[in-house]
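What the coordinates show
Okay, here's what each chain looks like letter by letter:
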Number of protein chains: 2
Amino acid sequence: MERELRPMDAEQLREHAHKMVDFIADYYKTIENFPVLSQVEPGYLQKLLPDSAPNQPEGLQNVLDDVKSKILPGVTHWQSPNYFAYYPSNSSIAGFLGEMLSAGINMVGFSWITSPAATELEIIVLDWLGKMLKLPEEFLSSGQGGGVIQGTASEAVLVVLLAARDKVLRRVGKDSLKKLVAYGSDQTHSALQKACQIAGVHPENCRLLKTDSSRSYAISPDLLCEAISHDISVGLIPFFLCATVGTTSSTAVDPLLALGKIAKSNGIWFHVDAAYAGSACICPEYRCYIDGVEEADSFNMNAHKWFLTNFDCSALWVKDRNALIQSLSTNPEFLKNKASQANMVVDYKDWQIPLGRRFRSLKLWMVLRLYGVENLQCYIRNHINLAKYFEGLVAGDTRFEVVASRIFSLVCFRLLPPDNNEDHGNKLNHDLLDAANSTGKIFISHTVLSGKYILRFAVGAPLTEERHVTAAWKVLQDEASALLGSL
Amino acid sequence: MERELRPMDAEQLREHAHKMVDFIADYYKTIENFPVLSQVEPGYLQKLLPDSAPNQPEGLQNVLDDVKSKILPGVTHWQSPNYFAYYPSNSSIAGFLGEMLSAGINMVGFSWITSPAATELEIIVLDWLGKMLKLPEEFLSSGQGGGVIQGTASEAVLVVLLAARDKVLRRVGKDSLKKLVAYGSDQTHSALQKACQIAGVHPENCRLLKTDSSRSYAISPDLLCEAISHDISVGLIPFFLCATVGTTSSTAVDPLLALGKIAKSNGIWFHVDAAYAGSACICPEYRCYIDGVEEADSFNMNAHKWFLTNFDCSALWVKDRNALIQSLSTNPEFLKNKASQANMVVDYKDWQIPLGRRFRSLKLWMVLRLYGVENLQCYIRNHINLAKYFEGLVAGDTRFEVVASRIFSLVCFRLLPPDNNEDHGNKLNHDLLDAANSTGKIFISHTVLSGKYILRFAVGAPLTEERHVTAAWKVLQDEASALLGSL
């Protein structure tokens, strides 16, 4: 006999979701008990789960028990106060509540009509955030531009690169795709190369200008000018420049104003990737790092990194929304409706790669309202102060050196090779990273700058306090002592 | 004085999230009180919200009050039992719990190391689902293929089109991009055209073969053969074919086996888009509709449509995962780690457009475990029976006709023009759609088939019962009577 499934019974939803709330709150209560970096071996989970889905339903408690015993050991705890790897990916109560509400309403907001509130709230909160960042008016919805929530910075750079590609190809003809050249630096996020690859820009036409420590790994405007001149002289067509405010390796800040002027005089689309550091620019004292953004055609900042908005929520502003729409719009019969046909509304499907989209503005709205601007500024400043504190600890131990200048909440540092042998230095720091992460007490990551293997200590998890930074430094010192002692 | 923000305090999380659970459960309890299709005017929300974010924090109750009074009126209620538009986008308790847990853990699973459980659970549940669909072994993770969760079917077709593009360009040289030809039909989802546009395939080389009622709007293998032969004869290079099982307009099913053989003999990547109807194929009696999938290179089904998994969760399987990885991988220094470098693990960042990714497998896992295969089959059958019931109601009213054969849970129908004037018929049905949706009692959508404006009644919301279908039909009959009476 087939009994009826009631998959959305309100009272069962209430009962089960309350259980899940307690499960998650308990997780946060005990989050420091887990190794930050999961210590499982590849393939661990296949040994613990059956080969196929169950025919009959199982109880929630069973599943939660499995989450505890089988899933959580395989989780790397990004929300742990002892997480200092990559860049943070903030969760917050407000962001979490926004995710819950979005999942509860569960609408698919491709066009305005499919939930006017989703589109309109997104326009409004991106204007709010744009004003907090003091972006030029042209990026706000009142003019020809506007903001949109993308999933990630990779999608943000892709959609504007496509808009730039098509804008120039409309002028020079689509057979010229092979002539298009995009510019970034060897510090630009790999998303630029991936976007070029997706868009059909030839890989050898994706110029990653060399940077070095003399300019703190920022792009040299002179080098850019030379590259552009050379490319034009051989018949290529410069079309896209990606500058970064806060590179992934070392938070380098490209000189926006100078680069923007070069881009403008060459008819190049100028995109600014401030995925990580953009959040800091809501503080007046850090706003200078995006001075020059007025020269940009597009600007991106990930609210899901260091801005308490659960992943994913990547804010993108453009000055010319029509350029995006011309590249990305589709208009099949089954989606036609009065409001869209009359051009009275924004249909965000035409600003992004996918058709469907979640109600992501809810979580950003809740973050802004439940915390308020001043609290958010304090939140950023607190992390930067903790990074300064860590920097001081490193500087106070002569066995280490701070590498590259600390600007925001990332400290790049390394253990000095006792014999001044750089090859040895790289292995030593690699081993230190491994040793520290294997303790389970902290998780940090690395990069390579000027051929040197560098450790990255990124402060930014919402639960991190000074005591966690102190303890992390002790782990690093202890592991360094052990390594150096065994030499 | 700057007071400290505690954005992830476990006890405050518990308290506020319990409040949100009740808010959402109450929403589901009263969901039938809302107009299904939001009745607000464009720009309504800007009038209700301030121009900028608050400086000081606001209380949760304030925000929830605003959700009730300002946001919900602008929501189109996809979860309403009276929602019959487009295709469904299922929410369920299990899916919702999975979203909560994913948002709670809030990790970013680009590489295996960033949470081994996220990658491994995804591999496992896509194997489970692949087995439920009786996909050929080659699509499972044990061989050269495997499954991956994409955000949407648009992203699924894009990533495989990119893999196909690069595979052929590696052979013929990248300057041949302009010669590549992709095939679909005038019923294929607009995502194919958008993918071609993004990938730099020339728009005139995206062939949308004509379909008609004689083949129930399915692709004719003969037409495809002709098109391919002609394209080859003029020096073009056929590289991609997208077939659909359950088209968006009318649930047409393309003949996979015949198309697949043509694709194979021409070295064309064969993608099957079963975004909507794939869910039905977990029932033995509907599995026949994907017979021939063994000829495909890739297969896609949206668990977020009709499979109780909250949006977004689009399941994609490929036979050759290396083709995806060759197109989409990046390997920047800052992401390098032992497990990835040793090739011991899957890094799903290389199977998709974005870098970051959510823990989406949790919700699919919870749906499969909390409901079980048999319940899920019953769930599908129940909706199909409700669609049959609606089809019978339409057939019983001589003023209407059922258009195109009903296969799954979508009924295409229209009001017959009393004067046999087809132009009049189109306006009449357009007006009927408007009138019915304006009541707020139901939401249906439309398409155009063979020049005729057709109404679509898609059963599939989790709360829909027979009484809702009966009531919807009464709304349509009443509005039809009013329209016909006023002629």
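The written sequence of each chain sets the order in which its residues are numbered from 1. Each chain takes a letter, starting from A, and each ligand takes a number, starting from 1, following the order in which they are written. Given that the model is predicted, a residue must reach a pLDDT of at least 70 before its local features are reported, and side-chain atom pairs must reach 80 or more before they are shown or counted; all residues, however, enter totals for whole chains, interfaces and linings. Neither water nor hydrogens contribute to the side-chain values; these are computed over all heavy atoms in the structure.

Here we look at the relation of the copies chain A and chain B
The cut-off we apply is this: Superposing copies: least-squares fit, C-alpha atoms only, residues required to have pLDDT of at least 70 in both. By definition in these notes, contact holds between two residues if any of their heavy atoms fall within 4.5 Å.
Aligned on chain B, chain A shows an RMSD of 0.0 Å; the corresponding rotation is 180° and the shift along the axis is 0.0 Å. What the rotation and shift describe, once combined, is the action of a two-fold rotation axis. Residue A199 of chain A, judged by its C-alpha, is the member of chain A lying nearest the rotation axis, at 2.6 Å. A symmetric contact is evident, with 100% of the interface residues of chain A recurring at the interface of chain B.

Side note on the pattern of salt bridges
Spelled out, the test is: Put simply, a salt bridge is a Lys or Arg side-chain nitrogen that is within 4 Å of an Asp or Glu carboxyl oxygen. Where helices and strands are cited, they refer to DSSP runs of H or I of at least four residues and of E of at least two residues respectively, numbered from the N terminus.
Applying the stated criterion to the full structure yields 63 salt bridges over all chains. One salt bridge connects D434 of chain A with K338 of chain B, and the closest N-O pair in it is separated by 3.4 Å. Placement of D434 of chain A in helix α13 (residues 422–438) and of K338 of chain B in helix α11 (residues 338–341) is noted, with the two residues assigned to different chains. For E295 of chain B, the salt bridge goes to K261 of chain B, with nearest N and O atoms at 3.4 Å. Taken as a pair, E295 of chain B in the loop between β5 (269–273) and β6 (298–302) and K261 of chain B in helix α8 (residues 256–265) lie far apart in primary sequence, 34 residues in all.

Regarding the domain arrangement of chain A
Short version of the rule: Annotation comment: domain bounds sourced from an automatic or database domain assignment.
One can read the domain layout of chain A as domain 1 (10–77) and domain 2 (99–368). The C-alpha-based centres of domain 1 of chain A and domain 2 of chain A are spaced at 36 Å.

Considerations on the interface of chain A and chain B
Where we set the bar: By buried area we mean the combined loss of accessible area, with a 1.4 Å probe, across both parts when two parts are placed together. Polar contacts, as counted here, are pairs of nitrogen or oxygen atoms within 3.5 Å of one another; within protein the pair requires one atom able to donate a hydrogen and one able to accept it, and residues that are adjacent in sequence qualify only if both atoms are side-chain atoms. Residues are grouped as follows: nonpolar covers Ala, Val, Leu, Ile, Met, Phe, Trp, Tyr, Cys and Pro; charged covers Asp, Glu, Lys and Arg; every other residue, Gly included, is treated as polar.
Across the boundary between the two partners, chain A contributes 157 residues, which contact 157 residues of chain B. Carbon and sulfur atoms supply 65% of the area that chain A and chain B bury against each other, a total of about 14,100 Å² over both sides. Here chain A is connected to chain B by 14 salt bridges. For R14 of chain A, the salt bridge is made with D26 of chain B, and the minimal N-O distance between the two is 2.8 Å. Linking chain A to chain B there are 73 residue pairs in polar contact (both at pLDDT 80 or more). Element by element, the count of residues in the side of chain A that touches chain B is highest for helix α1 (residues 10–29) of chain A, at 18 residues. Of the residues that constitute the side of chain A that touches chain B, the class distribution is 80 nonpolar, 40 polar and 37 charged.

Some thoughts on a positive patch on the surface
Inclusion rule: A patch consists of residues whose relative accessible area exceeds 30% and which take part in no salt bridge; residues with like charges are grouped when within 9 Å of each other, and nonpolar side chains (Val, Leu, Ile, Met, Phe, Trp, Tyr) when within 5 Å. Note on areas: these come from Shrake-Rupley sampling with a 1.4 Å probe, and a residue is covered only by the protein chains present in the view. For this count, His and the chain ends are skipped, Lys and Arg are scored as positive, and Asp and Glu as negative. Working definition for charges: the position is that of NZ of Lys, CZ of Arg, CG of Asp or CD of Glu. Under the scheme applied here, a residue whose accessible area is under 20% of the maximum for its type counts as buried, over 50% as exposed, and between as partly exposed, the area being computed with a 1.4 Å probe on protein chains only.
The grouping of K178 and K179 of chain A together with K178 and K179 of chain B at the surface amounts to a positive patch. The exposure class assigned to K178 of chain B is partly exposed, which follows from its relative accessible area of 35%.

Observations concerning the packing of helix α3 (residues 93–105) of chain A against helix α3 (residues 93–105) of chain B
This is how the line gets drawn: Axes here refer to lines fitted to C-alpha atoms; in helices the fit is confined to the stretch in contact. Angles between the N-to-C directions go from 0 to 180 degrees. Throughout this description, any angle smaller than 35 degrees is read as roughly parallel, any larger than 145 degrees as roughly antiparallel, any in the 65 to 115 degree range as roughly perpendicular, and the remainder as oblique. Definitions for this section: a left-handed crossing has its near helix turned counterclockwise from the far helix by less than a right angle. A right-handed crossing has that turn clockwise.
Relative to each other, α3 of chain A and α3 of chain B sit at 160°, their axes nearing to 10 Å. Here α3 of chain A lies roughly antiparallel to α3 of chain B, going by the angle between them. Along this stretch, α3 of chain A crosses α3 of chain B, giving a crossing that reads as right-handed. Of the residues in α3 of chain B, those touching α3 of chain A at F96, E99, M100, A103 and G104 of chain A are F96, E99, M100, A103 and G104 of chain B. Of the residues in the contact of α3 of chain A with α3 of chain B, the class split is 6 nonpolar, 2 polar and 2 charged.

Details of the nonpolar core
To keep things clear, this is the line we draw: To qualify as a nonpolar core, a set must consist of buried Ala, Val, Leu, Ile, Met, Phe, Trp, Tyr and Cys residues joined through side-chain atoms within 4.5 Å.
Counting 255 residues, the largest nonpolar core has F299 and W365 of chain A together with F299 and W365 of chain B as the members making the most contacts within it. Not counting the four nearest positions on each side in its chain, F299 of chain A is found in contact with L133, L135, F139, H271, V272, A274, I290, V293, A315, L316 and W317 of chain A. In this structure, A323 of chain A together with L169, L177 and I237 of chain B belong to the second largest nonpolar core, which totals 74 residues.

Some remarks on the layout of surface pockets
To find the voids left in a structure, one rolls a probe of water-molecule size over its atoms. Residue and element names in this part refer to chain B. Convention followed: Definitions used for this entry: grid spacing 1 Å over protein atoms alone; cavity, a set of points where a 1.4 Å probe fits but cannot get out; pocket, an open set with protein on both sides within 12 Å along at least 5 of 7 lines; lining residue, one with an atom within 4 Å of a point. Grid points are joined across faces, edges and corners, and a volume is the space filled by probe spheres set on the points.
Considering only enclosed or pocket space, the largest pocket measures out at about 690 Å³ in volume. As for the largest pocket, its lining consists of 32 residues, of which N343, M344, V345, V346 and D347 are closest to the centre. Those elements giving two or more residues to the lining of the largest pocket turn out to be α4 (116–132), β1 (146–150), α10 (321–328) and α11. Here the lining of the largest pocket is built from residues that sort into 11 nonpolar, 15 polar and 6 charged.

Observations concerning the packing of aromatic side chains
Heads up, the condition is: Two rings from Phe, Tyr or Trp (for Trp, the six-membered ring) form a pair when their centres are within 6.5 Å of each other. A pair whose planes differ by under 30 degrees is stacked, one over 60 is edge-to-face, and the rest are tilted. For a Lys NZ or an Arg CZ to count as sitting over a ring, it must be within 6 Å of the ring centre and within 35 degrees of the ring normal.
Taken as a whole, this structure holds 46 aromatic pairs over all chains when the rule is applied. Taking 4.9 Å as the distance between ring centres and 25° as the angle between the ring planes, the aromatic pair formed by W78 of chain A and Y83 of chain A counts as stacked. For the residue pair W78 of chain A and Y83 of chain A, the accessibility class agrees, reading buried in each case. Look at F110 of chain A and Y86 of chain B: their rings are 5.2 Å apart centre to centre, the planes differ by 80°, and that puts the pair in the edge-to-face class. Highlighted residues: F110 of chain A in the loop between α3 and α4 (116–132) and Y86 of chain B in the loop between α2 (60–71) and α3, drawn from two different chains. Members of the aromatic cluster, connected to one another through ring pairs, are F84, F390, F400, F413, F457 and W473 of chain A. Its guanidinium or amino end placed over the ring of Y87 of chain B, R456 of chain B lies 4.9 Å from that ring's centre, counting from NZ or CZ.

Examining the environment of T309 of chain A
By secondary structure assignment, the location of T309 of chain A is in the loop between α9 (303–306) and β7 (314–318). With 34 residues separating them along the chain, T309 of chain A and N343 of chain A place their C-alpha atoms 31 Å apart.

Remarks on helix α5 (residues 153–172) of chain B
What counts, and what does not: Here a helix's expected span is defined as the number of its residues, less one, multiplied by 1.5 Å.
Compared with an ideal rise of 1.5 Å per residue, which puts 20 residues at 28 Å, α5 of chain B spans 28 Å between its outermost C-alpha atoms and is within 8% of the ideal. Taken from the residues just after α5 of chain B, G173 of chain B is the one with a positive phi, measuring 100°.

Quick notes on the side chain of H383 of chain B
Residues and elements named next belong to chain B. Mapped onto the elements of the fold, H383 is located in helix α12 (residues 361–395). A polar atom in the side chain of H383 sits 3.2 Å from the backbone oxygen of A461. If sequence neighbours within four positions are ignored, H383 has contacts with W306, S409, V459, G460 and A461.

Observations regarding the sheet that holds strand β4 (residues 237–244) of chain B
Residue and element names in this part refer to chain B. Put simply, the rule reads: When DSSP finds two or more bridges between two strands, those strands count as paired.
Spatial ordering of the open sheet is given by β1-β7-β6-β5-β4-β2-β3, a layout of 7 strands whose pairing is mixed. In this open sheet, the two edge strands, each paired with only one partner strand, are β1 and β3 (206–209). Within this sheet the neighbouring strands show an average axis-to-axis angle of 20°, counted without direction. Two elements, strand β2 (residues 180–185) and β3, share 4 bridges in a ladder whose sense is parallel. The residue of β3 that forms the bridge with A182 is C206. Against the sheet, α5 touches β1, β2, β4, β5, β6 and β7 (314–318), its axis set at about 160° to β4. On top of the sheet, helix α7 (residues 221–233) reaches β2, β3 and β4; it is set at about 165° to β2, its chief contact.

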